[in-house]
Amino acid sequence: MSILPVATGSVGAVAPSPGGPAWSGLDGASGHPLMTAEAIREAAANFPACIESLWPEAARRGISRDSFVRFTAGLAPDLRIMDLMDAQPEFTKAFWDYLDILVTDARLQKGREILAAHRPIFEAVERAYGVDRYIIAAIWGIESNYGTAIGERPVLRSTATLACIGRRQAYFREEFLSALEILHRGDVRPEDLKGSWAGAFGPTQFMPTAFKRYAVDFDGDGRRDVVTSVPDIIASTANNLKKDGWQPGHTWGYEVVVPQGFDYMLADPSKQFTLAQWETLGLRRPGGLAFPRPHERAYLMVPAGARGPGFLMLNNFRVIMKYNPAEAYALAIGHFADRLRGGGPFVQPWPRDEPVLSRTERYELQQLLAARGYDVGEPDGRLGPRTRAALRRYQASVGLVPDGFASATVLSYLRGQASR
Ligand code: CA
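Remember, it's a predicted structure, so these values are computed and weren't measured experimentally. (Residues numbered from 1 in each chain as written. Predicted model: local features only at pLDDT ≥ 70, side-chain atom pairs only at ≥ 80, totals over all residues. Heavy atoms only, no water.)

The four strands lie next to each other as 3-6-5-4, forming an open sheet whose pairing is antiparallel. The sheet is open, and its two edges are formed by strand 3 (253–256) and strand 4 (273–274), each paired on a single side. Bridge analysis of strand 3 against strand 6 (residues 310–313) gives four bridges, and the strand direction is antiparallel. Each bridged residue has a counterpart across the sheet, and for Tyr 254 the counterpart in strand 6 is Leu 312. (Pairing = 2+ DSSP bridges. Helix = DSSP H or I, 4+ residues; strand = E, 2+ residues; numbered from the N terminus.)

Glancing now at the state of the cysteines. Applying the stated rule across the entire model yields one disulfide. Disulfide pairing is shown between Cys 50 and Cys 164; the S-S distance is 1.9 Å. The sign of the -85 degrees torsion about the S-S bond sets the Cys 50-Cys 164 disulfide as left-handed. Of this pair, Cys 50 sits in helix 2 (residues 47–53) while Cys 164 sits in helix 11 (residues 155–164), and the two are 114 residues apart along the sequence. Relative accessible area serves as the criterion here: at 13%, Cys 50 is assigned to the buried category. (Disulfide = S-S within 2.5 Å. Buried < 20%, exposed > 50% of the residue type's maximum accessible area, 1.4 Å probe, protein only.)

Further remarks concern the domain arrangement of the protein chain. Partitioning the protein chain into structural domains gives domain 1 (11–88 + 157–195) and domain 2 (359–418). The distance between the C-alpha centroids of domain 1 and domain 2 comes to 35 Å. (Domains from an automatic or database assignment.)

Here we come to helix 14 (residues 230–243). Helix length check: helix 14 (14 residues) gives 20 Å between terminal C-alpha atoms against 20 Å at 1.5 Å per residue, within 8%. Most of helix 14 is tucked away, with 11 of its 14 residues classed as buried. Turning to helix 14, its buried residues number three or more, namely Pro 231, Asp 232, Ile 233, Ile 234, Ala 235, Ser 236, Thr 237, Ala 238, Asn 239, Asn 240 and Leu 241. Contacts from the buried residues of helix 14 go to helix 9 (119–129), helix 10 (133–144), helix 13 (208–214) and helix 16 (315–323). Where helix 14 begins, the capping side chain belongs to Ser 229, and its oxygen is found 3.1 Å from the backbone nitrogen of Asp 232. Where helix 14 terminates, the next one or two residues include Gly 245, which has phi positive at roughly 105 degrees. (Expected span 1.5 Å × (residues − 1). Contact = heavy atoms within 4.5 Å. Polar contact = N/O pair within 3.5 Å; in protein donor to acceptor, adjacent residues only side chain to side chain.)

Now for the pattern of salt bridges. Summed over all chains, the structure comprises 25 salt bridges. For Asp 83, the salt bridge goes to Arg 80, with nearest N and O atoms at 3.2 Å. Highlighted residues: Asp 83 and Arg 80, both in helix 5 (residues 80–84), separated by three residues, approximately one helical turn. What makes Asp 83 partly exposed here is its relative accessible area of 22%. Where Glu 181 meets Arg 185, a salt bridge forms, and the shortest distance between an N and an O atom there is 3.3 Å. Linking Glu 181 with Arg 185, this pair stays in helix 12 (residues 169–185), spanning four residues, or about one helical turn. A relative accessible area of 5% places Glu 181 in the buried class. If you follow the salt bridges from partner to partner, you end up with Glu 57, Arg 60, Arg 61, Glu 174, Glu 181, Arg 185 and Lys 212 in one network. (Salt bridge = Lys/Arg side-chain N within 4 Å of Asp/Glu carboxyl O.)

Within the largest apolar cluster, 100 residues are counted, with the highest numbers of intra-cluster contacts made by Ile 165, Phe 176, Phe 201, Phe 317, Tyr 329, Leu 331 and Trp 350. In terms of residues, this core owes the most to one element, helix 17 (residues 327–340), which gives nine residues. Once residues within four sequence positions are removed from consideration, Tyr 329 is found in contact with Tyr 98, Ile 139, Ile 142, Glu 143, Ile 320, Tyr 323 and Asn 324. With 16 residues, the next largest nonpolar core counts Tyr 254, Tyr 264, Leu 275 and Leu 312 among its residues. (Core = buried A, V, L, I, M, F, W, Y, C linked by side-chain atoms within 4.5 Å.)

Our next topic: the coordination of the calcium ion. Note on the calcium ion: its protein donors are Asp 217 (OD), Asp 219 (OD), Asp 221 (OD), Arg 223 (O), Asp 232 (OD) and Asp 232 (OD). The metal-donor distances range over 2.2 to 3.2 Å. Coordination at the calcium ion is irregular: its six donor atoms span angles of 44 to 161 degrees at the metal. In primary sequence terms, the donor set of the calcium ion follows D-x1-D-x1-D-x1-R-x8-D. (Donors = N, O, S within 2.8 Å, 3.2 Å for Na, K, Ca; no water. Tetrahedral: all angles 85-135°; square planar, octahedral: opposite > 155°, others 65-115°.)

Now the structure itself:
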């Protein structure tokens, strides 16, 4: 059963992106009305008028007409981004595959070298912001492999494209105008303002609006340069976490062993208990380690279901999620930081033999849940907390272990193919 719209667009003549393939010319995978090939072409044709329509708002932000004209002159949309925006790996890969790609020995070794090379800066930043160096080094390593994979797309062009074309225009108008502000003020040089297709730039991948909120000039040269100044990069990232509520001296969470027969309906971000209460429910750290602060509140996440490891998530995990709202990302950051601090790999194995649902199948799973009256939000092929909550209720209703894991088995139940 195919729920995704069949791509009907023909591959047309589209200006290629610098150093990469051109737009496929196909409908976007999300099925959003603004992502059809026709809608993309129409919006692209209107691009210059769309950019000019943003001038009054730019003026209200103190951007001069001179800067506006200079930085937007000759700006053309980068339509290749339309193919990329539905394919983020943190939402399309298995949790374990995503972690395998990011937490490697080579990347950890490079992290240790970075920590040693910039030790005085990390120490000064820890004193000033109360955010531990390992988390910052982890973000630096995971976001850009220590600045070696920052992205080559000009941020202004990417955010302008997304501000005028596709399904997230309102969000990206803010990013585009903020990118213009950065250029107008001269914090980052135009040639350095390059990044991912979504407009995140620099080694720790600040979005332009996040830059406005969090970037600091830690080396005192008068510019908040989160691209080429190591002190500014480290301190701005720490300031971001601090302002988002980082608790100094605390960790992000713990790997836990979930006992047989556990009620997985409790594995939900809305179900917060103290670590001591979780212990009375039978959850234990591997190796019998104690929880250093038993009265901290946490929620349980079992990203691979009952056959995989459990994790109790503390306040600082939520802070990492604010940096990049994907659970696989936040877990990778927390784990990477633990490894840099000298910790070992996760103790419990992942269920690597579980087939991973394709994006189409994930989308179908959400549609089938919605058709049965479960709230999954707007089906988007991303299996977040809301889909998992719906899945748990469905699993419970058909007598499966309600662990919220989107297995091939549960999809076959939803399709009505499995016998009860
Ligand atoms: Ca500076």
